[in-house]
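Descriptive analysis of the structure
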Amino acid sequence: MGKFIFTETKIKDVFLIEPAVYGDSRGYFMETYNKSDFRRAGLNYVFVQDNQSSSIKGVLRGLHFQRKHPQTKLVRVIKGKVFDVAVDLRKGSITYGQWVGEILSEENKKQLLIPRGFAHGFLVLSDYAEFVYKCDDFYHPEDEGGIIYNDPSISIKWPDIEEVILSEKDKMNPTLDEEKMMF
């Protein structure tokens, strides 16, 4: 068995990645990234920044993107469980405005690879979650954009949760039509 299973989602270039996990009575070991294995799968990215966030149940972060400095992200959860979403914003893409969502958790250890040209967000489903991700470009705060998480033209089917908690900035995000993205 290889170290990773790479499965392309319903949106071209977005991959669900399942690492091989080797466990015994002491715990487990896994590789979360291996440049050679990723390149063999056709995923030729050079990651330059790692990020980590923690959130409580109901926190929804997103949908975020970078306008002039888009980032490929390799995302995973090391504590808890989230519903992770990528929305295609690539100009000319046949899946423009469509989304893919996956449950990522410390139990399933799955990762999602989201290429440049996508908005990204996640909803915390567990009491607490720690979320980590690699980026192939540096974060530029002045370049950040967003789309409101419940845009009816995108129609993301978020899991039912008692209360969604948004940052003040994310509450002000426009719809996709208002944003008029040009990737």
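Above: the structure in question.
Structure report, in brief. (Residues numbered from 1 in each chain as written. Predicted model: local features only at pLDDT ≥ 70, side-chain atom pairs only at ≥ 80, totals over all residues. Heavy atoms only, no water.)

This part covers the packing of aromatic side chains. For the coordinates displayed, the defined rule picks out 11 aromatic pairs. Grouped by ring-pair contacts, the aromatic residues Phe4, Phe6, Tyr33, Phe38, Tyr45 and Phe47 constitute a single cluster. Against the face of Trp99 rests Lys10, its NZ or CZ located 5.1 Å from the ring centre. Over the face of the ring belonging to Tyr28 we find Lys109, whose NZ or CZ atom lies 4.2 Å from the ring centre. (Phe/Tyr/Trp six-rings, centres within 6.5 Å; stacked < 30°, edge-to-face > 60°. Lys NZ or Arg CZ within 6 Å of the ring centre and 35° of its normal.)

Taken together, the side chains of Val46, Val48 and Phe138 define a hydrophobic patch exposed on the protein surface, amounting to about 260 Å² of accessible area. By the secondary structure assignment, Val46 is in the loop between α1 (35–40) and β5 (49–56). (Patch = residues over 30% accessible without salt bridge, like charges linked within 9 Å, V, L, I, M, F, W, Y side chains within 5 Å. Areas by Shrake-Rupley, 256 points an atom, 1.4 Å probe, with all protein chains shown as cover. Salt bridge = Lys/Arg side-chain N within 4 Å of Asp/Glu carboxyl O. Helix = DSSP H or I, 4+ residues; strand = E, 2+ residues; numbered from the N terminus.)

This part is about the nonpolar core. Judged by nonpolar contacts, the single largest core of 19 residues is most densely connected at Leu63, Val85, Val87, Ile147, Ile156 and Trp158. Listed by contribution, the elements that provide at least two residues to this core are β6 (60–66), β8 (81–88) and β11 (118–124). The residues touching Val87, leaving out its near neighbours within four places in the chain, are Leu63, Gly97, Gln98, Trp99, Gly117, Phe118, Ala119, Ile154 and Ile156. Formed by 17 residues, the second largest nonpolar core is a distinct cluster that contains Ile11, Leu16, Val82 and Leu112. (Core = buried A, V, L, I, M, F, W, Y, C linked by side-chain atoms within 4.5 Å. Buried < 20%, exposed > 50% of the residue type's maximum accessible area, 1.4 Å probe, protein only. Contact = heavy atoms within 4.5 Å.)

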